[in-house]
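Here is what each chain is made of, one letter per residue.
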Amino acid sequence: MSERDVRYWIGFNKVPGIGAARVQALLDFFGDPQTAWQAHGHDLRQAGLDRRSLNSLLKMRENLDLDAELERLANAGVQVLTWDDPDYPPNLRQVFNSPPVLYVRGRIETRDEWAVAVVGTRRASVYGKEAARLMASGLAQAGVTVVSGMARGIDTIAHRTCLDAGGRTIAVLGCGVDVVYPPENARLASEIAEQGALVSEYALGTRPEASNFPPRNRIISGLSLGTVVAEAGMGSGALITADFAAEQGRDVFSVPGNIFNRGSRGTTQLIQQGAKLVCTVGDVLEELNLTMVSEQAQVRAVIPENETEALLLDRLSAEPVHVDELRRAVQLPIAEVSSTLALMELKGMVRQVGGMNYVMARESGIEYVIE
């Protein structure tokens, strides 16, 4: 998507009172965000905006410098994903009221389709902390992305354990991705951005208001195939995430706790309401059919995404081939061949074995010596 298109999505995302439903109505009426953003007030009323939303839009349109917003995002190293973006997370796209705009620090990857949320109380007991570690480490070792909300307690433990296990983790924030909350998680946030992604529907600079957190929970569950509640009392926000997961048609898992512990009453209630009781990470992996994630990721890694990749793969094997020979074989410009090979190497599809010679990465166990 071009920067020209993205900036209008960003503009609407900053207008108070214009959420997913109104954005969809405007797109249905005008066809694209630029036309909607530049439309006359009369036409915007025809599209369904009430007086308050219309006034908010007109005021924002008058005062907001969209080019400056784009520059601000670029300087912060933040990517913007919209409904129109092919990289928008497919799990989230499927749910009702998915955010039209996501701000991302880090990177959302294809393998994040295999994601499970691990959430729970901020006031975690020793038992709850160990349950979260057990689930997060097991998911990470199985190649499953761990999603949580970077709150104190269970969320923080889930992210930290996943990172320590070498896994991918996504933190969904109730503030802008340039704002760290809680503040003691500054180092954790940086590590998540390096090894996964910080995600928010809120514009840069948005403070962590209490009203922001229940809506962000629908993104936690929406990104995930299932939600594991490690420990939760009756007032825990994790129960809101579980409710969203159930509404979205996603599986809800609950770790059983001590029936005499107030901090376990929420997880006990979830089990009574039909959540799946889980004692090991294997229970989750089996229920979600995620026992072969690593193998599926390897298979996906060798599937070409475009014609150039397909042409190059067709001419590669266990025998090293020089980039110039590949260029002549596929009859494409050297710049295109070189850039495609570089991307394919990042994806794990090919390997450079010295002297600009390439082999298929799937041919393992062979050492190549280039004379």
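Residues numbered from 1 in each chain as written. Predicted model: local features only at pLDDT ≥ 70, side-chain atom pairs only at ≥ 80, totals over all residues. Heavy atoms only, no water.

Attention shifts here to the pattern of salt bridges. Working definition: two side chains of opposite charge can pair if their charged atoms are close together. As enumerated under the stated definition, the model contains 15 salt bridges in all. Here Arg168 and Asp112 are joined by a salt bridge, their closest N and O atoms 2.8 Å apart. Taken together, the residues span a long stretch of sequence, with Arg168 in the loop between helix 9 (154-164) and strand 5 (169-172) and Asp112 in the loop between strand 2 (101-106) and strand 3 (115-120) at a distance of 56 residues. In this structure, Arg168 and Asp112 share a single accessibility class: buried. Notably, a salt bridge pairs Asp164 with Arg160, separated by 3.3 Å at the nearest N-O pair. Placement of the pair is Asp164 and Arg160 together in helix 9, with a separation of 4 residues, close to one helical turn. In this structure Arg160 comes out as partly exposed when scored by relative accessible area, which is 25%. (Salt bridge = Lys/Arg side-chain N within 4 Å of Asp/Glu carboxyl O. Helix = DSSP H or I, 4+ residues; strand = E, 2+ residues; numbered from the N terminus. Buried < 20%, exposed > 50% of the residue type's maximum accessible area, 1.4 Å probe, protein only.)

Across soluble globular proteins, nonpolar side chains show a tendency to be buried alongside one another. Counting 70 residues, the largest nonpolar core has Tyr103 and Leu198 as its most contacted members. Counting 27 residues, the second-largest nonpolar core is a separate cluster that includes Trp114, Ala136, Leu288 and Leu290. (Core = buried A, V, L, I, M, F, W, Y, C linked by side-chain atoms within 4.5 Å.)

With antiparallel pairing, 3 strands are arranged side by side in an open sheet as 10-12-11. Strands at the two margins of the open sheet, each flanked by one partner only, are strand 10 (321-322) and strand 11 (350-352). The pairing of strand 11 with strand 12 (residues 357-360) spans 3 bridges and is classified as antiparallel. Residue pairing in the sheet places Gln352 in a bridge with Tyr358 of strand 12. (Pairing = 2+ DSSP bridges.)

Looking now at the side chain of Asn357. Secondary-structure assignment places Asn357 in strand 12. At a separation of 3.4 Å, a polar atom in the side chain of Asn357 contacts the main-chain amide nitrogen of His322. (Polar contact = N/O pair within 3.5 Å; in protein donor to acceptor, adjacent residues only side chain to side chain.)

When a strand is regular, its side chains alternate between the sheet's two faces. A two-sided burial pattern is seen for strand 6 (residues 197-200), the buried positions comprising Ala197 and Val199 on one face and Leu198 and Ser200 on the other. In the sheet, strand 2 pairs with strand 6 via 4 bridges, with the strands oriented antiparallel. Bridge pairing in strand 6 places Gly106 opposite Ala197. Since strand 5 and strand 6 lie parallel, the crossover through helix 10 (residues 186-195) that links them has a hand, and here it is right-handed. (Right-handed = clockwise from strand over helix to strand, strands pointing away.)

Note on aromatic pairs: each is described by the distance of the centres and the angle between the planes. Taken as a whole, this structure holds 4 aromatic pairs when the rule is applied. A centroid spacing of 4.8 Å and a plane angle of 70 degrees characterise the contact between Phe29 and Phe30, whose relative ring orientation is edge-to-face. On the basis of relative accessibility, which here comes to 42%, the residue Phe29 falls in the partly exposed class. Seen from their ring centres, Tyr181 and Phe213 are 6.0 Å apart, and the 55 degrees between their planes marks the pair as tilted. One end of the pair, Tyr181, is in the loop between strand 5 and helix 10; the other, Phe213, is in helix 11 (residues 213-222), with 32 residues separating them in the sequence. When its relative accessible area of 33% is taken as the criterion, Tyr181 is described as partly exposed. Accessibility expressed as a relative area gives 14% for Phe213, which makes it buried. (Phe/Tyr/Trp six-rings, centres within 6.5 Å; stacked < 30°, edge-to-face > 60°.)

All right, on to the sheet that holds strand 2 then. The 9 strands lie next to each other as 1-2-6-5-4-3-7-8-9, forming an open sheet whose pairing is mixed. Here the strands that pair on one side only, and so sit at the sheet edges, are strand 1 (79-82) and strand 9 (276-277). By the bridge criterion, 3 bridges tie strand 3 to strand 4 (residues 145-148) in an arrangement that is parallel. Each bridged residue has a counterpart across the sheet, and for Val116 the counterpart in strand 4 is Val146.

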